[in-house]
Amino acid sequence: MKILVVEDEQKTGDYLRQGLMEASFIVDLARDGLDGLHLALTEAYDLAVLDVKLPGIDGWQVLQGIRRAGKDMPVLFLTARDDVEDRVKGLELGADDYLVKPFAFSELLARVRTLLRRGGKAKESDFLNAADLELDLLRRRVTRSGRKIDLTSKEFSLLELLLRRQGEVLPRSLIASQVWDMNFDSDTNVIEVAIRRLRVKVDDGFEPKLIQTVRGMGYVLEAAE
Ligand code: CA
């Protein structure tokens, strides 16, 4: 999942980026409104965190630009004071939630996760399933046949991607960009290694096997015949 953060205060911006990356999100950080709006309109994000007071154009203008362009990603705005007018204005302009600075990172993360769950697709389930495998997006837990499977955050993201697009062959370049935020030309077998580890955890000792290699093409999650 990819998040845009627009925040001009260096420390807050770095702290948000770092924290969200540790929570296994891919993060782009813009330091002013124009840069933020440009990114919002040219890249695909699952959510945006917008500071209101920004140099150049402010957070409200960024938000209006995003909505005018028909982008419906959830937007969480950050306001410096607990000002009712500010809140109302933000929500009227099409923001989905807000936080008053200073805030605890855990609070921001909780809001982000809630918005992503609701994210435009109001009815999206908190669970992804294939055969007896279940991924709980809310609690970030995975079980197979009711048995808990411990995954690293990258493995979780990889499995989430495979499950969201099950039945579809995913090229390694797509997996690299979605899960690792890197280009495929990086000379690395990181994806193969991650797939192998994930397979041991998800498929060893279970039937049917779910993670399939499609030679020369990529990987697909589906119940093997
Ligand atoms: Ca600011």
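Keep in mind that this is a model prediction, so the values were computed, not measured.

1. What about helix α6 (residues 153–164)?
For step 1, the next point in the chain: The terminal C-alpha atoms of α6 lie 16 Å apart, and with twelve residues this matches the ideal 16 Å at 1.5 Å per residue to within 8%.
For step 2, the next point in the chain: Counted residue by residue, α6 has nine buried out of twelve residues, so it is predominantly covered.

2. Side note on the packing of α6 against helix α8 (residues 190–203)
To characterise two packed helices, one gives the angle between the axes of the helices and the distance between these axes.
For step 1, the next point in the chain: Packing of α6 against α8 leaves a shortest axis separation of 10 Å and a crossing angle of 80°. Compared by their axis directions, α6 and α8 come out roughly perpendicular. Facing α6, whose interface residues are Glu155, Leu158, Leu159 and Leu162, α8 presents Ala194, Ile195, Arg197, Leu198, Lys201 and Val202.
For step 2, the next point in the chain: Considered class by class, the residues forming the contact of α6 with α8 number seven nonpolar, no polar and three charged.

3. Details of the coordination of the calcium ion
Under ideal tetrahedral coordination, the four donors around a metal are separated by 109.5 degrees; under ideal octahedral coordination, the six donors are separated by 90 or 180 degrees.
For step 1, the next point in the chain: Protein coordination of the calcium ion is provided by Asp8 (OD), Glu9 (OE), Asp51 (OD) and Lys53 (O), with donor distances spanning 2.1 to 3.0 Å.
For step 2, the next point in the chain: Taken in sequence order, the residues that donate to the calcium ion follow the motif D-E-x41-D-x1-K.
For step 3, the next point in the chain: What makes Asp51 buried here is its relative accessible area of 3%.
For step 4, the next point in the chain: Classification of Lys53 by relative accessible area gives exposed; the value is 68%.

4. Brief notes about the sheet that holds strand β4 (residues 75–79)
Each strand in a sheet pairs with another by means of backbone hydrogen bonds, the pair being arranged parallel or else antiparallel.
For step 1, the next point in the chain: Within the open sheet, the five strands sit side by side as β2-β1-β3-β4-β5. Their pairing is parallel. Where the open sheet ends on each side, the last strands, each with one partner, are β2 (26–30) and β5 (97–100). Along the sheet, successive strands turn relative to each other by an average axial angle of 20°, direction set aside.
For step 2, the next point in the chain: Sheet topology places strand β1 (residues 2–6) next to β2; five bridges connect them, and they run parallel. Directly across from Val6, in β2, lies its bridge partner Ala30.
For step 3, the next point in the chain: Strand contacts of helix α1 (residues 10–22): β1, β2 and β4, with the helix running at about 170° to β2, the strand carrying the most contacts.
For step 4, the next point in the chain: In the packing of helix α3 (residues 59–68) onto the sheet, contacts are made with β3 (47–51) and β4, and the angle to β3 comes to roughly 155°.

5. Focus: unusual backbone geometry
For step 1, the next point in the chain: Cis rather than trans, the peptide bond between Lys101 and Pro102 has omega equal to -5°.
For step 2, the next point in the chain: For Pro102, the position within the fold is in the loop between β5 and α5 (105–118).
For step 3, the next point in the chain: The phi dihedral of Ser24 falls on the positive side, at around 70°, and the residue is not glycine.
For step 4, the next point in the chain: As for its placement among the helices and strands, Ser24 is situated in the loop between α1 and β2.
For step 5, the next point in the chain: According to the relative accessible area criterion, Ser24 is buried, its value standing at 11%.
For step 6, the next point in the chain: Phi at Ala131 is positive, roughly 45°, even though this residue is not glycine.
For step 7, the next point in the chain: Following the sequence through the fold, Ala131 ends up in the loop between β6 (127–130) and β7 (133–136).
For step 8, the next point in the chain: Under the relative-accessibility criterion, Ala131 is labelled exposed at 57%.

6. Brief notes about the pattern of salt bridges
For step 1, the next point in the chain: Scanning the model with the defined rule gives 17 salt bridges in all.
For step 2, the next point in the chain: A salt bridge links Glu9 to Lys101, with the shortest nitrogen-to-oxygen separation between them at 3.1 Å. Here Glu9 is found in the loop between β1 and α1, whereas its partner Lys101 is found in the loop between β5 and α5, with 92 residues between them in sequence.
For step 3, the next point in the chain: Owing to a relative accessible area of 38%, Glu9 belongs among the partly exposed residues under this scheme.
For step 4, the next point in the chain: When its relative accessible area of 16% is taken as the criterion, Lys101 is described as buried.
For step 5, the next point in the chain: A salt bridge links Asp96 to Arg67; the shortest N-O distance between them is 3.1 Å. Taken as a pair, Asp96 in the loop between α4 (84–92) and β5 and Arg67 in helix α3 lie far apart in primary sequence, 29 residues in all.
For step 6, the next point in the chain: On the basis of relative accessible area, Asp96 is assigned to the partly exposed category, the value being 35%.
For step 7, the next point in the chain: You can call Arg67 partly exposed: its relative accessible area is 22%.
For step 8, the next point in the chain: Salt bridges sharing partners connect three or more residues here, namely Glu7, Glu9, Asp51 and Lys101.

Definitions and cut-offs
Residues numbered from 1 in each chain as written. Predicted model: local features only at pLDDT ≥ 70, side-chain atom pairs only at ≥ 80, totals over all residues. Heavy atoms only, no water. Helix = DSSP H or I, 4+ residues; strand = E, 2+ residues; numbered from the N terminus. Expected span 1.5 Å × (residues − 1). Buried < 20%, exposed > 50% of the residue type's maximum accessible area, 1.4 Å probe, protein only. Axes fitted to C-alpha atoms, helices over the stretch in contact; angles between N-to-C directions. Parallel < 35°, antiparallel > 145°, perpendicular 65-115°, else oblique. Contact = heavy atoms within 4.5 Å. Nonpolar A, V, L, I, M, F, W, Y, C, P; charged D, E, K, R; others polar. Donors = N, O, S within 2.8 Å, 3.2 Å for Na, K, Ca; no water. Pairing = 2+ DSSP bridges. Salt bridge = Lys/Arg side-chain N within 4 Å of Asp/Glu carboxyl O.

These figures capture arrangement, not role.
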